[in-house]
Amino acid sequence: MIVSGRASQSLAAALAADLDEVLVSTKRTRFPDGEVRVDLDPGDGPGSASDTEASIGDNAQQRALLVAATTSADAFVELLQLQDALREAGVSEITTILPYMGYARQDRAFESGQPVSARAMARAIGIGTDRVLLVNPHEESVADFFDIPSRTIDAAPQLAEPLPDLNEPVFFAPDAGAIELAEAVRGAYGAGTTDYFEKTRRSGEEIEISPHETDAEGRDVVLVDDIVATGGTMAETIAILRQRDAARVYGTCVHPVLANGAYTRLVNAGVEAIYGTDTVERPASAVSVAPTIAEALRNPK
Ligand code: R5P
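Okay, so let's go over this structure.

What counts as what
- Residues numbered from 1 in each chain as written.
- Predicted model: local features only at pLDDT ≥ 70, side-chain atom pairs only at ≥ 80, totals over all residues.
- Heavy atoms only, no water.
- Patch = residues over 30% accessible without salt bridge, like charges linked within 9 Å, V, L, I, M, F, W, Y side chains within 5 Å.
- Areas by Shrake-Rupley, 256 points an atom, 1.4 Å probe, with all protein chains shown as cover.
- Salt bridge = Lys/Arg side-chain N within 4 Å of Asp/Glu carboxyl O.
- Lys, Arg positive; Asp, Glu negative; His and termini not counted.
- Charge placed at Lys NZ, Arg CZ, Asp CG, Glu CD.
- Helix = DSSP H or I, 4+ residues; strand = E, 2+ residues; numbered from the N terminus.
- Buried < 20%, exposed > 50% of the residue type's maximum accessible area, 1.4 Å probe, protein only.
- Contact = heavy atoms within 4.5 Å.
- Pairing = 2+ DSSP bridges.
- Axes fitted to C-alpha atoms, helices over the stretch in contact; angles between N-to-C directions.
- Near = heavy atom within 4 Å.
- Polar contact = N/O pair within 3.5 Å; in protein donor to acceptor, adjacent residues only side chain to side chain.
- Nonpolar A, V, L, I, M, F, W, Y, C, P; charged D, E, K, R; others polar.
- Phe/Tyr/Trp six-rings, centres within 6.5 Å; stacked < 30°, edge-to-face > 60°.

## A short note on a negative patch on the surface
Reasoning step 1: Judged by side-chain charge, Glu-139, Glu-140, Asp-144, Asp-154, Glu-180 and Glu-183 come together as a negatively charged surface patch.
Reasoning step 2: As for its position among the elements, Glu-183 is in helix 5 (residues 179–189).

## Things to note about helix 5
Reasoning step 1: Within the sequence span of helix 5, burial applies to Ile-179, Leu-181, Ala-182, Ala-184 and Val-185.
Reasoning step 2: Looking at the buried side of helix 5, the elements it contacts are strand 8 (170–173), strand 9 (193–196) and strand 12 (221–227).
Reasoning step 3: Just downstream of helix 5, Gly-190 is the residue with a positive phi angle, here 95°.

## What to know about the sheet that holds strand 4 (residues 63–67)
Reasoning step 1: Strands sit in the order 1-4-5-6-7 across an open sheet of five strands; the sheet is parallel. Of all strands in the sheet, those bounded by a partner on one side alone are strand 1 (2–4) and strand 7 (150–153). The average angle at which neighbouring strand axes cross in this sheet is 20°, direction not considered.
Reasoning step 2: In the sheet, strand 6 (residues 131–135) pairs with strand 7 via four bridges, with the strands oriented parallel. Of the residues in strand 7, the one forming a bridge with Leu-133 is Arg-151.
Reasoning step 3: Packed onto the sheet, helix 1 (residues 9–19) meets strand 1, strand 4 and strand 5 (93–98) and runs at close to 170° relative to strand 1.

## Overview of the site of the ligand
Reasoning step 1: Taken together, 14 residues surround the ligand, and among them Arg-105, Asp-225, Asp-226, Thr-230 and Thr-233 come closest.
Reasoning step 2: In this structure, Asp-226 approaches the ligand through a side-chain N or O atom, which is 2.6 Å from an oxygen atom.
Reasoning step 3: The protein chains hide 90% of the 380 Å² of surface that the ligand would expose on its own.
Reasoning step 4: If you tally residues by element for the shell around the ligand, the top one is strand 12, at three residues.
Reasoning step 5: Partitioned by chemical class, the residues of the shell around the ligand number three nonpolar, five polar and six charged.

## Some points on the packing of aromatic side chains
Reasoning step 1: Enumeration according to the criterion identifies three aromatic pairs in this entry.
Reasoning step 2: Note on Phe-172 and Phe-197: the rings are 4.6 Å apart at their centroids and 45° apart in plane angle, and the pair reads as tilted. Of this pair, Phe-172 sits in strand 8 while Phe-197 sits in the loop between strand 9 and strand 10 (198–201); the two residues are 25 residues apart in sequence, bridging distant segments of the chain. No difference in accessibility class separates Phe-172 from Phe-197, as the two residues are buried.

Rendered as structure tokens:
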């Protein structure tokens, strides 16, 4: 059976269809003080699922796949609650799938006194599950923060799927750390070259990008990153590519967080289109990672 967190309902449904698994119904309420609570549908009594919906009552004792992107504090709390409710219902084995793991970018203490937030999240999540599956965590090493078996999945090759026919494409990573993603997309597309920008982060919102030597003039460009959050990184690279007379510029990312007007920012910067996956469910989620996750589940390492 599959249970979905609030931020992964479409992906969980796609995964349930792919794996031919039951999608269990959930009910969300909010306490007057603002606290969230999510219940698994018990399958009988007032407020239960209709006959056509699946309830936990019919599926207890089974293995559960919990699909929950932790895109917000509420989504994170809900994930912990769902793990607890599944255990309470007698589910024997829980696999937690984190399509997008919030706080993963805080994977070290940059100054003394700071928490390693990714580790704190991993510890909390790890208590309530038997294993965890992460889609493109910011760094592979984030998986090591879990005290239980963990596995990562690379959805980057899927970013080639929505791309149109491109002219002499160059696949650019906004920094050296994302070059493997750019190579994965180029490989899946089957043509073009790869390159990267030099990036220095000044603060959470401010970055500085040094132009790279690749001549993008007249070429179609595909920018590839793991996350687009504020859009600052991609907007800067688009501006530089515009100065260098690149033809069309496409933005692709695994996790289209697109916070605080980032989509508009990128459109105004001159992006042709933005394509992301449904690890974060947004209008830019052009590709579903459900087949990649299903494949990984069918072939456990
Ligand atoms: C950073 O290392 C990541 O790979 C992304 O480049 C970054 O998270 C993007 O953030 P933003 O859209 O806020 O510039």
